[in-house]
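Examining the three-dimensional arrangement
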Amino acid sequence: MKASVVAHKDFTVSKIDDRVYGAFLEHLGRAIYEGIYEPDHPSADKNGMRGDVAKLVKDLNVPMVRYPGGNFVSAYNWEDGVGPRDERPTRLDLAWHTSESNAVGVHEFADWCETVGTEMMLAVNLGSRGVDDARNFLEYVNHPGGTYWSDLRIKNGRKEPFDVKMWCLGNEMDGPWQVGHKDADEYGKLAANTARAMRMFDSKLELIVCGSSHADMASYPDWERIVLEHTYEHVDHISLHMYFANRDKDTANYLALNHKLDRYIKTVASTITQVKNKKRSKRDVYISFDEWNVWYHSNKQDRTILEGNSGWPHAPGLLEDIYNFEDVLQVGLILNTFIRNSDVVKIACIAQLVNVIAPIMTEKGGPAWAQTIYYPYYFASIFGRGTALNLIVNSPGYDSKHADNTPYVDVSGVHNEEEGTLSFFLVNRHGTDSIDVSVSLQGFAAGQIIDHQVMTHTNLEAVNTAKNQTEVAPRKGSGAKAEDGSLTVKLPPYSYQMVRVKV
Ligand code: AHR
């Protein structure tokens with residue numbers, strides 16, 4: 001089988017915002033406790049943060065991390081997580097039917113972000129709380145001093161403000177599972193009022209209003225229109241979420257799901273344009289895709305806790321999806337979709353980062369390791385920075401539940417002009433056939449291959465575990481050629497590849 005691609009230097013989508021490679025950490029399961037924080041762990045630093053986990057996160061060069069939720073934030077009192085640890089209250093977390101010790105709060109999380117070299121994106125609680133709480137939290141976090149809340153922060157050990165720029169106005173407020181769920185009008189008004197108050201403090205904040213929890217919500221896409229009609233002039237991004245699942249064990253359909261993602265993004269982008277024009281506005285609003293990942297492997301085992309049959313445990317194993325090789329392909333496809341839509345998607349967060357539907361897993365007192373999906377995320381985050389190319393792709397395809405003629409080859413291309421590199425991320429959706437891909441490099445000086453990484457496996461269900469951490473891992477590819485203005489590469493059946501060319 002053959003496929004051809006045209007990559008022209010001047011045919012671009014957009015400069016990719018680095019924050020498209022962001023992540024998310026929630027007070028949920030073992031994401032925080034036993035994930036990033038485990039004071040008794042042999043690798044723990046003076047703050048009790050695991051060094052082995054920090055290293056895996058640092059290697060990913062994560063630009064920003066959304067915190068502290070998620071569903072958790074909709075009944076969270078941030079004040080519980082500041083001040084002397086032994087005085088912090090333990091609370092019930094209604095969202096996940098667990099208890100929250102508050103041993104980690106905004107100070108500890110900020111220190112951890114500094115350690116791993118990332119920026120914080122905070123969420124305010126618009127479920128059980130509202131404008132007043134949001135303005136207090138903002139003042140605590142960002143005001144230099146001389147007021148009640150900022151002086152309390154200083155008393156709690158942090159002299160300089162945290163200077164957090166990105167703020168989410170609640171989480172998934174369209175979802176009836178959310179504490180304080182609202183309809184679009186109610187939420188839109190509250191979000192607009194909260195945004196106004198926050199902007200009175202600092203007009204330069206980047207504010208993210210809630211869009212839909214997923215594209216099958218009955219309220220989608222009217223939710224986006226109504227919420228934006230209330231908030232358009234006051235926010236910078238609208239947040240979307242989507243989780244991917246292969247419950248029917250149908251790989252062909254599973255691997256076509258990014259068509260649904262693409263439609264979701266394009267629909268909301270059109271809604272943004274509609275509201276912009278309706279308001280005769282000059283400003284732009286973008287998409288913050290601040291929760292995305294595969295999530296289904298752990299659904300059954302989570303039921304007992306989520307249905308309340310285990311009491312209120314503290315940091316139990318929850319949402320611990322063990323990812324397989326098939327999910328590598330899915331994550332590669334999702335990231336390709338974000339790159340191709342980088343003109344509208346300016347922020348995206350893999351959900352989540354450690355233990356909870358995450359690329360990094362840990363054992364209490366034991367090792368931390370990279371799950372299978374760590375690698376496509378790693379390659380995109382490290383090498384997918386620059387300008388997204390608008391590629392013309394000609395590939396044979398198949399009809400799936402989500403689209404007709406789903407191309408077997410899915411590809412994104414990134415030109416990094418400063419480094420003089422072109423990076424291509426390719427997925428072969430065909431289960432039995434190799435595909436010879438030829439990419440015509442137009443407007444680029446002749447190049448040479450500088451890196452070629454391949455992920456394949458004979459078993460789509462292969463996983464990495466604490467004992468076998470590299471069952472699914474990239475290996476150096478061979479056979480890719482860059483000559484006479486074109487790049488040629490063979491994609492084995494069901495494979496993910498990254499090919500980089502010096503130009
Ligand atoms: O990431 C897990 C959960 O998924 C989040 O708490 C929520 O926002 C979404 O439904």
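Our subject is the structure listed above.
Residues numbered from 1 in each chain as written. Predicted model: local features only at pLDDT ≥ 70, side-chain atom pairs only at ≥ 80, totals over all residues. Heavy atoms only, no water.

**Comments concerning the nonpolar core**
Ranked by size, the top nonpolar core spans 153 residues in total, and within it Trp112, Trp167, Leu169 and Phe289 carry the most contacts. Of the residues forming this core, the biggest block, nine residues, is contributed by helix α10 (residues 325–340). Here Leu169 is in contact with Val124, Leu126, Tyr187, Ala191, Thr194, Ala195, Met198, Leu207, Ile208, Val209, Cys210 and Val235, once residues within four sequence places are set aside. Counting residues in hydrophobic clusters, the runner-up holds 11 residues, among them Phe24, Met64, Cys168 and Cys349. (Core = buried A, V, L, I, M, F, W, Y, C linked by side-chain atoms within 4.5 Å. Buried < 20%, exposed > 50% of the residue type's maximum accessible area, 1.4 Å probe, protein only. Helix = DSSP H or I, 4+ residues; strand = E, 2+ residues; numbered from the N terminus. Contact = heavy atoms within 4.5 Å.)

**What to know about the packing of helix α6 (residues 222–231) against helix α8 (residues 257–278)**
One can describe the packing of α6 onto α8 by two numbers: an axis separation of 9 Å at closest approach and a directional angle of 35°. Crossing geometry of α6 relative to α8 is assigned as right-handed. When α6 is examined against α8, the residues Glu224, Arg225, Leu228 and Glu229 are found in contact with a partner set consisting of Val268, Thr271, Ile272, Gln274, Val275 and Lys278. Grouping the constituent residues of the contact of α6 with α8 by class yields four nonpolar, two polar and four charged. (Axes fitted to C-alpha atoms, helices over the stretch in contact; angles between N-to-C directions. Left-handed = near helix turned anticlockwise from the far one by under 90°. Nonpolar A, V, L, I, M, F, W, Y, C, P; charged D, E, K, R; others polar.)

**A look at the pairing of strand β1 (residues 2–8)**
Burial of β1 is one-sided: the residues Ala3, Val5 and Ala7 facing one way are buried, the residues Lys2, Ser4, Val6 and His8 facing the other way are not. Relative to strand β21 (residues 435–442), β1 is paired through seven bridges, and the arrangement is parallel. Bridged to Ala3 within β21 is Val437. Pairing of β1 with strand β16 (residues 392–394) involves three bridges; the strand directions are antiparallel. Bridging across to β16, Val5 finds its partner in Val393. (Pairing = 2+ DSSP bridges.)

**Looking at α6**
For an α-helix, the turn length of 3.6 residues means that residues three or four places apart are oriented alike. When we look at burial in α6, the residues that qualify are Trp223, Glu224, Val227, Leu228 and Thr231. Down the axis, α6 shows its buried residues gathered within 115° of arc, on one side only. Tucked inside the fold, the buried residues of α6 contact α5 (184–201), β9 (206–210), β10 (237–244) and α8. (Arc of directions from axis to C-beta.)

**Focus on the site of the ligand**
Near the ligand lie 13 residues; those nearest to it are Glu26, Asn71, Glu172, Tyr243 and Glu291. Taking Tyr243, its side chain carries an N or O atom lying 2.8 Å from an oxygen atom of the ligand. Take Gln352: an N or O atom from its side chain is 3.0 Å from an oxygen atom of the ligand. Residues of the shell around the ligand, tallied by class, amount to six nonpolar, four polar and three charged. (Near = heavy atom within 4 Å. Polar contact = N/O pair within 3.5 Å; in protein donor to acceptor, adjacent residues only side chain to side chain.)

**Observations regarding the side chain of Ser423**
Relative to the assigned elements, Ser423 resides in strand β20 (residues 421–428). Engagement of the side chain of Ser423 in a polar contact is seen with the backbone oxygen of Phe383, the distance being 3.3 Å. Polar contacts involving the side chain of Ser423 include one to the side chain of Arg500, which spans 3.0 Å. Leave out the neighbours within four places in its chain, and Ser423 touches Phe383, Ser412, Gly413, Val414, Val499 and Arg500.

**Considering the pairing of strand β4 (residues 64–67)**
Of the two faces of β4, the one lined by Met64 and Arg66 and the one lined by Val65 and Tyr67 are each fully buried. Alignment of strand β3 (residues 22–24) against β4, held across two bridges, turns out to be parallel. Along β4, the bridge assignment pairs Phe24 with Arg66. Taken together, the four bridges between β4 and strand β7 (residues 119–124) define a ladder with parallel strand orientation. When the bridges of β7 are listed, Tyr67 appears paired with Leu122.

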